[in-house]
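A look at the structure
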Amino acid sequence: MKKIALIAAALLSMQATAAVANDIKPYAGVGLGLFELDPGQNKKAVFGGFGFAGASFHEYFAAEFRAGLTGPHEREELGPLTETFQVNWFVSALAKPKIEVADGLEFYGLLGATSISTSITPLNSVIERSVTKTALTFGLGGNYFITDNMSVGAEWVRYSSNANAATKNGASFNGLDVNGFTGTFAYHF
């Protein structure tokens, strides 16, 4: 009798594990758009993008990893002198609570952390200053499923809040405030 109970328990355990594994739905995609870079003054928008991979663990929750960068912003002043700033790279780990509001349309929030490397070359210098920090990340977005496996979306994400205009041109560059306004395309496996 004990052997039958153990076998039944093992089968139930495997069934439960398989059911949980079947609920996990991985996805991957790209996001492209404008990134607002702010060193504390003179906000500028540049083109940038990221790749992402994630998994939906439940109809109301997913987790996502991202890696991306932006192009540089250059502002000419006084002949050959330029001010340049950019996001060299970023990597994010995000929790993604979500809710379906209509057939194929879902809204979501993002909350997590981003390690981000930003740099600036001030007008009065030829020396690039770079800083890497980890910052709280949050945002809002929405997805529309074109098919069961493909979705398009739009989102706003605050990747970092590091700017301080008083230190922008000094030796203690704190980093950039970075907001992303992007469109996304994802494939759901």
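Owing to the predicted nature of the structure, the values given are computational and were not obtained by experimental measurement.

A tally of helices and strands in the chain yields 1 helix and 9 strands. Starting at the N terminus and ending at the C terminus, the chain contains elements arranged as α-β-β-β-β-β-β-β-β-β. Taking all contacts inside the chain whose residues are at least 6 apart in sequence as the whole, residues at least 24 apart take part in 59%. Approximately 10300 Å² of the chain is accessible, and the part contributed by carbon and sulfur atoms is 65%.

To continue, consider the pattern of salt bridges. In the structure shown here, the tally under the stated rule is 4 salt bridges. Glu64 is the partner of Arg66 in a salt bridge, and the nearest nitrogen-oxygen pair spans 2.8 Å. Residue Arg158 pairs with Asp177 through a salt bridge whose shortest N-O separation is 3.5 Å. Remark: Asp177 occurs in strand β9 (residues 177–188) and Arg158 occurs in strand β8 (residues 150–160); sequence separation between them is 19 residues. Classification of Arg158 by relative accessible area gives buried; the value is 18%. Looking at Asp177, the relative accessible area reads 14%, which means it is buried.

So, on to the environment of Gln86. Locating Gln86 in the fold gives a position in strand β5 (residues 82–102). Once the C-alpha coordinates of Gln86 and Ser119 are considered, the two residues, 33 residues apart in sequence, prove to be 5.6 Å apart. With residues near it in sequence (within four places) discarded, Gln86 still touches Leu37, Thr70, Gly71, Pro72, Ser117, Thr118, Ser119 and Leu176. Only 3.0 Å separates the side chain of Gln86 from the side chain of Asn88, close enough to count as a polar contact.

Scanning all chains against the criterion turns up 9 aromatic pairs. Connected via pairs of aromatic rings, a cluster forms that spans Tyr27, Phe35, Phe50, Phe52, Phe90 and Tyr159. The side chain of Arg66 reaches across the aromatic face of Phe52, ending 5.9 Å from its centre. When the ring centre of Tyr108 is taken as origin, the NZ or CZ atom of Lys96, which lies over that ring, is 4.3 Å away.

With that out of the way, let us pick up the nonpolar core. With 22 residues, the main nonpolar core has Phe35, Leu37, Phe90, Tyr159 and Val178 as its most contacted residues. Elements supplying a minimum of two residues to this core: β1 (25–38), β2 (44–58), β5, β6 (105–121), β8 and β9.

What follows is about the side chain of Lys98. With respect to the helices, strands and loops of the structure, Lys98 is situated in strand β5. Of the polar contacts made by the side chain of Lys98, one reaches the side chain of Ser56; its length is 2.8 Å. Setting aside residues no more than four positions away along its own chain, Lys98 makes contact with Ser56, His58, Glu59, Tyr60, Phe61, Ala62, Glu106, Phe107 and Tyr108.

Within the element layout of this structure, Val157 appears in strand β8. Dropping the residues within four chain positions of it, Val157 is found in contact with Arg66, Leu110, Thr137, Phe138, Gly139, Val178, Asn179 and Gly180.

What follows deals with the side chain of Thr70. Inspection of the secondary structure assignment puts Thr70 in strand β3 (residues 61–70). Ignoring any residue separated from it by four or fewer positions in sequence, one finds Thr70 in contact with Phe35, Leu37, Val46, Phe47, Gly48, Gln86 and Val87.

Here we take up the confidence of the model for the chain. Residue-level pLDDT values for the chain average 84, and 78% of them are 70 or greater. Predicted confidence in the chain is weakest over helix α1 (residues 2–23), with a mean pLDDT of 51, and strongest over β8, with 97. Here residues 14–19 is a poorly scored stretch, pLDDT under 50, and it has 0 contacts once near neighbours within four places are set aside; other chains count.

Let us now look at the pairing of β2. Looking at chain direction, β1 and β2 are connected through 13 bridges and run antiparallel. Bridge pairing links Glu36 to Ala45 in β2. Counted along the chain from β1 to the antiparallel partner β2, the turn is 5 residues long, and its residue Gly40 has a positive phi close to 115 degrees. Both β2 and β3 contribute to a ladder of 10 bridges, which runs antiparallel. Paired with Gly48 across the two strands is Thr70, which belongs to β3. What sits between the antiparallel neighbours β2 and β3 is a turn of 2 residues.

What counts as what
Residues numbered from 1 in each chain as written. Predicted model: local features only at pLDDT ≥ 70, side-chain atom pairs only at ≥ 80, totals over all residues. Heavy atoms only, no water. Helix = DSSP H or I, 4+ residues; strand = E, 2+ residues; numbered from the N terminus. Contact = heavy atoms within 4.5 Å. Areas by Shrake-Rupley, 256 points an atom, 1.4 Å probe, with all protein chains shown as cover. Salt bridge = Lys/Arg side-chain N within 4 Å of Asp/Glu carboxyl O. Buried < 20%, exposed > 50% of the residue type's maximum accessible area, 1.4 Å probe, protein only. Polar contact = N/O pair within 3.5 Å; in protein donor to acceptor, adjacent residues only side chain to side chain. Phe/Tyr/Trp six-rings, centres within 6.5 Å; stacked < 30°, edge-to-face > 60°. Lys NZ or Arg CZ within 6 Å of the ring centre and 35° of its normal. Core = buried A, V, L, I, M, F, W, Y, C linked by side-chain atoms within 4.5 Å. pLDDT = per-residue confidence, 0-100. Pairing = 2+ DSSP bridges.

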